[in-house]
Amino acid sequence: MSKYLDPYTDFGFKKIFGEEANKDLLIDFLNSFLPEKHQIETLAFRNTEQLGPIPFDRKAFFDIYCEAKNGEKFIVEMQKAKQNYFKDRAIFYVTFPIRDQSEKGTEWQFELKAVYYVGVLDFEYDENEERRKFLRDVTLKDQDGDLFYDKLHFIFLQMPLFMKTESELVTRQDKWNFFLKNLVSLDHIPAILHEPVFQRAFETAEIARMSNREYLQYEANLKIHRDEYAVMETAKLQAHAEGRAEGKIAIALEMKKDGVDPRVIAKYTGLSPEEIDRLDRATRHQISDQATQWIVRSHSNCRNHLR
């Protein structure tokens, strides 16, 4: 059993950063990423359930929603799993604190306070991009890369890409990243984190300090987190296995069409003679376009080998 709770669970993340008694931890964490002109002195938590202006509008549920003394808004979220339209979702979420700034009457001149979306991600949302970055600080810029608007920021922390060790921690930002990335596996406070704010963070995250009610809530939440992870990993393995099976069938169909001996087909695809005999045209029509493209390349390789 870990000494400290898992910050990637809803309970753990909100326990550390989302409670009134721990606002100083959230302020220190956010300030490590914010520019000097947007540094937070004090903040107040706001309702995390956001409603549209009419009953039929969609709702939004934030992990943490807070407002600085100067009116700037901050949405802070721990995102555990990759999902479709993740960036669209982040854009949709910031529309709520933007819209809520509208004032009734004729005197309002459309002046807005800054809005920040801070996402701590337990996955890589841009893993297919050539240049992967741990930190993405996104603002509105023009075609020349010049800043167009400085009151809307998206900060994404792709935690799997944070690789610094304890000896490599330099900035405040480094220390918070290390804390979140490694908390559940630590059994003591690292020397470099022996600072008041981090000592409080470790105390807050220590499971032994929880009440019985909190512990039961955490265990229930941890079970959900583990179940979700298991489902995702199973889905990945199943998709991989199905892809390999589909590829084998596709190659076998093409080789069979060319009159290749079934024993040779079995040797190069791993399919049994019985499975090869059962292949028919209906199976061929079920093959995806992606698999078909792979067929051509693989079939060509097999022909060259047979020669």
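Before reading further, recall that the structure is shown in the block above.
Residues numbered from 1 in each chain as written. Predicted model: local features only at pLDDT ≥ 70, side-chain atom pairs only at ≥ 80, totals over all residues. Heavy atoms only, no water.

K.L.:
Now, about helix α4 (residues 172-182): what can you tell me, with residues and values included?
P.N.:
Buried residues dominate α4, accounting for nine of its 11 residues. Of the residues making up α4, those classed as buried are Gln 173, Asp 174, Lys 175, Trp 176, Asn 177, Phe 178, Phe 179, Leu 180 and Asn 182. Buried-residue contacts for α4 involve α1 (10-17), α2 (23-31), β6 (115-121), β7 (135-141), β8 (147-158) and α5 (196-205). (Buried < 20%, exposed > 50% of the residue type's maximum accessible area, 1.4 Å probe, protein only. Helix = DSSP H or I, 4+ residues; strand = E, 2+ residues; numbered from the N terminus. Contact = heavy atoms within 4.5 Å.)

K.L.:
Mind laying out the packing of aromatic side chains, listing which residues take part and the relevant values?
P.N.:
Under the definition given, this model contains 25 aromatic pairs. Arranged with centres 6.3 Å apart and planes meeting at 10 degrees, the rings of Phe 154 and Phe 156 form a pair that is stacked. Of the two residues examined, Phe 154 and Phe 156, each falls in the buried class. Ring pairs connect the aromatic residues Tyr 4, Phe 13, Phe 17, Phe 29, Phe 33, Trp 176, Phe 179, Phe 198 and Phe 202, which therefore count as one cluster. (Phe/Tyr/Trp six-rings, centres within 6.5 Å; stacked < 30°, edge-to-face > 60°.)

K.L.:
Account for unusual backbone geometry, with residues named and values stated.
P.N.:
Positive phi, normally seen in glycine, also occurs at Phe 110, with a value near 70 degrees. Here Phe 110 shows up in the loop between α3 (86-99) and β6.

K.L.:
How would you summarise the pairing of β8 if you had to cite specific residues and measurements?
P.N.:
Each regular strand carries side chains that alternate between the two faces of the sheet. One ladder, built from seven bridges, connects β6 with β8; its direction is parallel. Across the sheet, the residue bridging to Leu 121 is Gln 158, located in β8. With antiparallel pairing between neighbouring strands as the criterion, β7 and β8 make up a hairpin whose turn holds five residues, including Gly 145 at a positive phi of roughly 80 degrees. (Pairing = 2+ DSSP bridges.)

K.L.:
Would you mind going over the nonpolar core in detail, with residue names and values included?
P.N.:
Core analysis: the biggest nonpolar cluster contains 49 residues, and Phe 17, Leu 26, Phe 29, Leu 30 and Trp 176 have the highest contact counts within it. For Leu 26, the residues in contact, after removing those within four places along its chain, are Phe 17, Leu 43, Phe 45, Ile 64, Cys 66 and Val 76. (Core = buried A, V, L, I, M, F, W, Y, C linked by side-chain atoms within 4.5 Å.)

K.L.:
Let's hear about the environment of Lys 181: which residues, and what values?
P.N.:
Its location among the elements puts Lys 181 in helix α4. Among the polar contacts listed, one links the side chain of Lys 181 to the backbone oxygen of Phe 162, at a separation of 2.7 Å. (Polar contact = N/O pair within 3.5 Å; in protein donor to acceptor, adjacent residues only side chain to side chain.)

K.L.:
Quick one: what's the story with the packing of α4 against α5, residue by residue and with numbers?
P.N.:
Interhelical geometry of α4 versus α5 gives an angle of 15 degrees and a closest axis separation of 12 Å. Judged on the interaxial angle alone, α5 and α4 are roughly parallel. Relative to α5, α4 is oriented so that their crossing is right-handed. Contact residues: α4 offers Arg 172, Lys 175, Trp 176 and Phe 179, while α5 offers Val 197, Phe 198, Ala 201 and Phe 202. By residue class, the composition of the contact of α4 with α5 is six nonpolar, no polar and two charged. (Axes fitted to C-alpha atoms, helices over the stretch in contact; angles between N-to-C directions. Parallel < 35°, antiparallel > 145°, perpendicular 65-115°, else oblique. Left-handed = near helix turned anticlockwise from the far one by under 90°. Nonpolar A, V, L, I, M, F, W, Y, C, P; charged D, E, K, R; others polar.)

As far as function goes, none of this settles anything; it's purely spatial.
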